[in-house]
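Coordinate analysis (summary)
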Amino acid sequence: MTKDNNTTNTSDNKSGTNTLWGGRFDSAPSSIMEAINASIGVDKRMAAEDLAGSSAHAAMLAACGIISHEDETSIQAGLKQIADEMAKGEFTFSTALEDIHMNIEARLGELIGEPAGRLHTARSRNDQVATGLRLWLRGALDDVDTLLAAFQRALLGLAEAEADTIMPGFTHLQSAQPVSFGHHMLAYVEMMARDRGRFSDARKRINQSPLGAAALAGTAYPIDREMTAKKLGFDKPMANSLDAVSARDFALEFLSAASICAVHLSRLAEELVIWTSAGFAFVSLSDQFSTGSSIMPQKRNPDAAELVRAKTGRICGDLNALLMVMKGLPLAYSKDMQEDKEPVFDAYDALCLSLSAMTGMMGDLGVNREALGAAAGAAYSTATDLADWLVREADVPFREAHHMTGQIVKLAETQNKTLSALSLPDMQSIAPMLNNTVFDVLTPQASAASRISYGGTAPKNVKTQINIWKENLS
């Protein structure tokens, strides 16, 4: 069965067939058919959006002289009563009525009688469901943006508190160069800004109205699609009726942006798992964001971070699920598309929970500055600074400076010393042009402070960026 009806029979059902399409059928569907066909367990989440769409459609029908103003008044009163019943938890949802649209229409018929049967004039469940999902997603994107902004503010607070805290920067999870902890946090602020941009862009493409496209070809009634689009806060009606009812790229775009955002969250979650381990001890989480073990009393597990990491797989799976649903569908509507809402709702829920958890952990995080500082100076992390000194102060070509520095690192390894602990004569045995000023660049603090290029990790750069972000997020 496809959702391609333009009118609904609201008379008593004498034959046991579905009252929506019973005129063509002689008997009721099997219980299995009813079970696989129904979506009310999922799409009742769009009740408010369906009511809003119906209200706008009824107002337009009356304004265009397609239904009487008396009928519109009855319809609007009935829709309001249904909204009140739902708000109070008094509305009964029926699987036999398949979806939220028919549940609402059936209840409207019970409340106001014949005028309810006029509401579906000049529309189909095809444009109705597309409108409802776009409305729902528009609100969902606003929710996600609010959560992303809160997460950015939490990261920014941590960056400001730790702008001067030096930690090891990693490549390949090996110590590379010293960086500011605040700089590390700002990297995620930047990622979240791009995520917000992707969601914002998606919202623009979502905000077009399918209502009035009807089943697939438009309608012969003299409707005003501009009016319903305006009433529902859409920028404009969609220009092609086939596209209006069959497009789900707007849902895919949301899921794609959600997947990228979740991957960003997972990267930070992974770092929290690593950093809270005994081998690193860079940071700690309080009891509010830790769990214990049923057998090992000493354990403190960063389960919130681990679950954020896991939910990323779920969100990416939701994207793949809808991609697979849509990949082989011809125009226009197919019942396969009923499966569009569950992955969208699931991804939204998982992403919102993940963002809330990550925001909470950032506010809860304890930073072990001593451990970070010690690790920042380990593993010869200032070797690049030594090479840069040779280039800058002795005019040594960088490749030659790189080779000399590698030999000095090897010498330090044989003596089991840090670079700053090597004697100047030992270093001069490899690079005779070195002098005592080289020791000024061999501390992690000096290394980080020297990275003053735009976007670099120098604490003064970090503080400048913090002030810019404070203004942007205020």
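Let us look at the structure shown here. (Residues numbered from 1 in each chain as written. Predicted model: local features only at pLDDT ≥ 70, side-chain atom pairs only at ≥ 80, totals over all residues. Heavy atoms only, no water.)

Let's shift gears to unusual backbone geometry. Here Leu331 and Ala332 are connected by a cis peptide whose omega angle stands at 5°. Positive phi values are uncommon outside glycine, yet His172 reaches one of about 60°. Given the relative accessible area of 75%, His172 is considered exposed. (Buried < 20%, exposed > 50% of the residue type's maximum accessible area, 1.4 Å probe, protein only.)

Relative to strand S2 (residues 174-180), strand S1 (residues 166-171) runs antiparallel, the two being bridged by six bridges. Opposite Phe170, over in S2, you have Ser175 as the bridge partner. Connecting the antiparallel pair S1 and S2 is a turn made up of two residues, with His172 showing a positive phi of about 60°. (Pairing = 2+ DSSP bridges. Helix = DSSP H or I, 4+ residues; strand = E, 2+ residues; numbered from the N terminus.)

Turning our attention to helix H15 (residues 398-415). Think of an α-helix as 3.6 residues a turn; residues three or four steps apart then line up on the same face. Under the 1.5 Å per step criterion, the end-to-end length of H15 is 25 Å for 18 residues, consistent within 8% with the ideal 26 Å. Considered for burial, the residues of H15 that qualify are Ala401, Met404, Thr405, Ile408, Val409 and Ala412. For H15, the buried positions fall inside an angular range of 145° around the axis, keeping them on one side. Residues of H15 that are exposed and point over 90 degrees away from its buried face: Arg399, His403, Lys410 and Thr414. Buried positions along H15 lie against helix H14 (383-394) and helix H16 (424-428). Positive phi shows up at Asn416, right after H15, with a value of about 55°. (Expected span 1.5 Å × (residues − 1). Arc of directions from axis to C-beta. Contact = heavy atoms within 4.5 Å.)

The next subject is the pattern of salt bridges. Under the counting rule described, the total for this entry stands at 24 salt bridges. Here Arg107 and Glu85 are joined by a salt bridge, their closest N and O atoms 2.6 Å apart. Remark: Glu85 occurs in helix H4 (residues 69-87) and Arg107 occurs in helix H5 (residues 100-112); sequence separation between them is 22 residues. By relative accessible area, Arg107 is classed as partly exposed at 23%. The partner of Asp388 in a salt bridge is Arg451, and the shortest N-O contact between them spans 3.3 Å. Of this pair, Asp388 sits in helix H14 while Arg451 is found in the loop between helix H17 (444-450) and helix H18 (459-473), placing the two residues 63 residues apart along the sequence. For Asp388, a relative accessible area of 22% translates into the label partly exposed. (Salt bridge = Lys/Arg side-chain N within 4 Å of Asp/Glu carboxyl O.)

On to the nonpolar core. Counting residues in hydrophobic clusters, the biggest one holds 75 residues, and the most contacted among them are Phe181, Phe199, Phe254, Met361 and Met362. Mapped onto this core, the elements with two or more residues apiece are helix H6 (125-161), helix H7 (181-206), helix H10 (249-275), helix H11 (303-326), helix H12 (341-364), helix H13 (369-376) and H18. No other element matches H10, which puts 16 residues into this core. Those residues within four positions of Met361 in sequence are excluded, and the remaining contacts are Leu272, Leu285, Phe289, Ala304, Ala305 and Val308. Judged by nonpolar contacts, the second largest core, of 20 residues, contains Ala387, Ala412, Ala431 and Val441. (Core = buried A, V, L, I, M, F, W, Y, C linked by side-chain atoms within 4.5 Å.)

This part covers the packing of H6 against H12. One can describe the packing of H6 onto H12 by two numbers: an axis separation of 9 Å at closest approach and a directional angle of 15°. In terms of orientation, H6 lies roughly parallel with respect to H12. Between H6 and H12 the crossing geometry is left-handed. (Axes fitted to C-alpha atoms, helices over the stretch in contact; angles between N-to-C directions. Parallel < 35°, antiparallel > 145°, perpendicular 65-115°, else oblique. Left-handed = near helix turned anticlockwise from the far one by under 90°.)

Considering all chains together, one arrives at one cavity of 30 Å³ or more under this definition. As a volume, the largest cavity reaches approximately 30 Å³. Every residue along the wall of the largest cavity is listed here: Glu49, Asp50, Gly53, Ser54, Arg123, Gln128, Thr131 and Gly132. Element by element, the count of residues in the lining of the largest cavity is highest for helix H3 (residues 47-63), at four residues. (1 Å grid on protein atoms, 1.4 Å probe; cavity = no way out; pocket = protein on both sides within 12 Å on 5 of 7 lines; lining within 4 Å. Points joined across faces, edges and corners; volume = space filled by probe spheres on them.)

Right, let's get into the packing of H7 against H10. Between H7 and H10, whose axes approach to 8 Å, the crossing angle comes to 165°. By the criterion of interaxial angle, the relationship of H7 to H10 is roughly antiparallel. In this structure, H7 meets H10 at a crossing whose hand is left-handed. Class assignment for the residues of the contact of H7 with H10 results in 17 nonpolar, two polar and seven charged. (Nonpolar A, V, L, I, M, F, W, Y, C, P; charged D, E, K, R; others polar.)

Let us now look at the packing of aromatic side chains. The geometry of an aromatic ring pair is captured by two quantities: the separation of the ring centres and the angle between the planes. Tallying each qualifying case throughout the model produces eight aromatic pairs. Pairwise contacts between aromatic rings join Phe170, Phe181, Trp275, Phe280 and Phe282 into one cluster. For Lys44, the ring lying beneath its charged end belongs to Phe93, and the centroid distance is 5.2 Å. (Phe/Tyr/Trp six-rings, centres within 6.5 Å; stacked < 30°, edge-to-face > 60°. Lys NZ or Arg CZ within 6 Å of the ring centre and 35° of its normal.)

With that settled, consider the state of the cysteines. Scanning the model with the defined rule gives zero disulfides in all. For Cys261, which is in no disulfide, the shortest distance to another cysteine sulfur is to Cys352 and amounts to 9.7 Å. With no disulfide partner, Cys316 has as its closest neighbouring cysteine sulfur the one in Cys261, 11 Å distant. Cys316 gets classed as partly exposed once you look at its relative accessible area, which sits at 24%. (Disulfide = S-S within 2.5 Å.)

Time to look at a nonpolar patch on the surface. There is a patch of nonpolar side chains on the surface, built from Leu216, Leu242 and Leu331 and spanning about 270 Å² of accessible area. Looking at where Leu242 falls in the secondary structure, it is placed in helix H9 (residues 241-246). Under the relative-accessibility criterion, Leu242 is labelled partly exposed at 31%. (Patch = residues over 30% accessible without salt bridge, like charges linked within 9 Å, V, L, I, M, F, W, Y side chains within 5 Å. Areas by Shrake-Rupley, 256 points an atom, 1.4 Å probe, with all protein chains shown as cover.)

The topology assignment puts Gln445 in helix H17. Each C-alpha atom, one on Gln445 and one on Leu211, is 61 Å from the other, the two residues being 234 residues apart in sequence.

All right, on to the environment of Ala116 then. Note that Ala116 resides in the loop between H5 and H6. Each C-alpha atom of the pair Ala116 and Asp71 lies 8.1 Å from the other, and the pair is 45 residues apart in sequence.

It is worth spelling out the environment of Ala350 at this point. Within the secondary structure, Ala350 is located in helix H12. Its relative accessible area of 5% is what places Ala350 among the buried residues.

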